[in-house]
Amino acid sequence: MPFGYWEPHSYHLRSTTMMVTAMTMTTRRPTPKQKPEWAIAVELRRTRLQMSQELMAEKADMSQSYYSEIERGARPLPTLTHQKLMNLARALSWSLAEMQRATGIDLGMAEATLVGEGSADVYPLSAALSPANPGPAVDHEMVTPGVSRPLLLRADTDEMQGTSQASIRPGSSLHVDLDRTELQEGLVYVIADGEGVHVRLYSTTRLGAVFRAENRVYEDIPASEAQVIGQVMAVTTDYSPDLN
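Residues numbered from 1 in each chain as written. Predicted model: local features only at pLDDT ≥ 70, side-chain atom pairs only at ≥ 80, totals over all residues. Heavy atoms only, no water.

J.: Whenever I open this one, helix α4 (residues 64-72) confuses me. Can you help?
T.: For the α-helix, the turn length of 3.6 residues means that residues three or four positions removed from each other point alike. The set of residues buried in α4 consists of Tyr66, Tyr67, Ser68, Ile70 and Glu71. Where α4 is buried, its residues meet α2 (37-48), α3 (53-59) and α5 (82-91). (Buried < 20%, exposed > 50% of the residue type's maximum accessible area, 1.4 Å probe, protein only. Helix = DSSP H or I, 4+ residues; strand = E, 2+ residues; numbered from the N terminus. Contact = heavy atoms within 4.5 Å.)

Quick look at the structure:
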């Protein structure tokens, strides 16, 4: 048969093949991956703080691209190192426990009011005024065994810095037992008065019971004027006199 007789039919087959291929490519197009809920929680927290990704990354001490991967859900929180988790939580104005609750991701954090032996967040000394709502944590460490209702506080005062065994250096962590409010001679307590929160040694004098500071530039606080928050059961510090 003449060649021209088949040309239209051949052209029709090629067109059909092209059309089918185009339809196949359209139906196989991948759908966008859904962002996990924990990443949405992180992004929502950042936007509520009215901060850009660049600023958040800077506050968290990480690159913008690294933080972006977290917010996209491409870098799960459990894969971060403990230090990066701490940095991220601080940048988001969360404690690690708060970040765990908000994201629903198990970060291994125990609530300070629920653990006796384990680990807990460390809060500023001022958090003693509202133990149920202490605000952002400043650190996280192991709790001294035997503390029934712990509140870990950072000693951001030099009131108890001295030369005796009761001396406490600023920056140390105070392991406070909120259940121990019965006063005993020679023990250290976290107390509050009209001036704020203090760390003091309980002592009886000829003028009455007082809370005394190791640093004698501070005046004694009459026991009758103070609210006892809890007893300091232990003090932890990274200070070493051998460091230069």
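J.: Help me understand the side chain of histidine 140 in this model?
T.: Secondary-structure assignment places histidine 140 in strand β2 (residues 139-143). Residue histidine 140 is classed as buried on the basis of its relative accessible area of 11%. A distance of 3.3 Å separates the side chain of histidine 140 from the backbone oxygen of alanine 120, its partner in a polar contact. (Polar contact = N/O pair within 3.5 Å; in protein donor to acceptor, adjacent residues only side chain to side chain.)

J.: Quick question: what am I supposed to make of the pattern of salt bridges here?
T.: Opposite charge on two side chains permits them to pair, given that their charged atoms come into close proximity. Tallied over the full model, the rule gives nine salt bridges. Here arginine 149 ties to aspartate 179 by a salt bridge, and the two come within 3.0 Å at their closest N and O atoms. Placement of arginine 149 in the loop between β2 and β3 (150-154) and of aspartate 179 in the loop between β4 (173-177) and β5 (188-193) is noted, with a sequence separation of 30 residues between them. A relative accessible area of 34% means that arginine 149 is categorised as partly exposed. For aspartate 179, a relative accessible area of 45% translates into the label partly exposed. Arginine 216 is the partner of aspartate 220 in a salt bridge, and the nearest nitrogen-oxygen pair spans 3.2 Å. (Salt bridge = Lys/Arg side-chain N within 4 Å of Asp/Glu carboxyl O.)

J.: Teacher, can you tell me more about the nonpolar core here?
T.: Side chains of nonpolar character tend, in soluble globular proteins, to be buried together. Counting 24 residues, the largest nonpolar core has Ile70, Leu77, Leu88 and Met99 as its most contacted members. When contributions to this core are tallied by element, the ones reaching two or more residues are α2, α3, α4, α5 and α6 (96-103). In terms of residue count, α5 provides more of this core than any other element does, five residues in total. Filtering out sequence-adjacent residues up to four positions away, methionine 99 remains in contact with Leu85, Leu88, Ala89, Leu92, Trp94 and Leu107. Membership of the second largest hydrophobic core comes to 22 residues, among which are Tyr123, Val176, Val197 and Val232. (Core = buried A, V, L, I, M, F, W, Y, C linked by side-chain atoms within 4.5 Å.)

J.: Is there a simple way to think about the packing of α2 against α4 in this case?
T.: Put simply, α2 and α4 touch, their axes get as near as 7 Å, and they point 120 degrees apart. In terms of orientation, α2 and α4 fall into the oblique class. Between α2, through Trp38, Ala39, Val42, Glu43 and Arg46, and α4, the contact on the second element is made entirely by Tyr67, Ile70, Glu71 and Arg72. Tallied by class, the residues present in the contact of α2 with α4 amount to five nonpolar, no polar and four charged. (Axes fitted to C-alpha atoms, helices over the stretch in contact; angles between N-to-C directions. Parallel < 35°, antiparallel > 145°, perpendicular 65-115°, else oblique. Nonpolar A, V, L, I, M, F, W, Y, C, P; charged D, E, K, R; others polar.)

J.: What is the right way to read α2 from this model?
T.: Here α2 contains twelve residues, and its C-alpha end-to-end distance of 16 Å stays within 8% of the 16 Å for a straight helix at 1.5 Å per residue. Considered for burial, the residues of α2 that qualify are Trp38, Ala39, Ala41, Val42 and Arg46. Down the axis of α2, the buried side of the element spans an arc of 155 degrees, and every buried residue falls inside it. For α2, the exposed residues lying more than 90 degrees away from the buried face are Glu37 and Arg48. Phi turns positive one or two residues past the end of α2, at glutamine 50, with a value near 55 degrees. (Expected span 1.5 Å × (residues − 1). Arc of directions from axis to C-beta.)

J.: Would you take a moment to explain the sheet that holds β5 for this structure?
T.: Taken in spatial order, the nine strands make up an open sheet running β2-β1-β3-β4-β9-β5-β6-β7-β8, and their pairing is mixed. Edge positions in the sheet fall to β2 and β8 (221-222), since each of these pairs with one other strand and no more. Sheet topology places β5 next to strand β6 (residues 196-205); six bridges connect them, and they run antiparallel. Bridge pairing in β6 places isoleucine 191 opposite histidine 198. (Pairing = 2+ DSSP bridges.)

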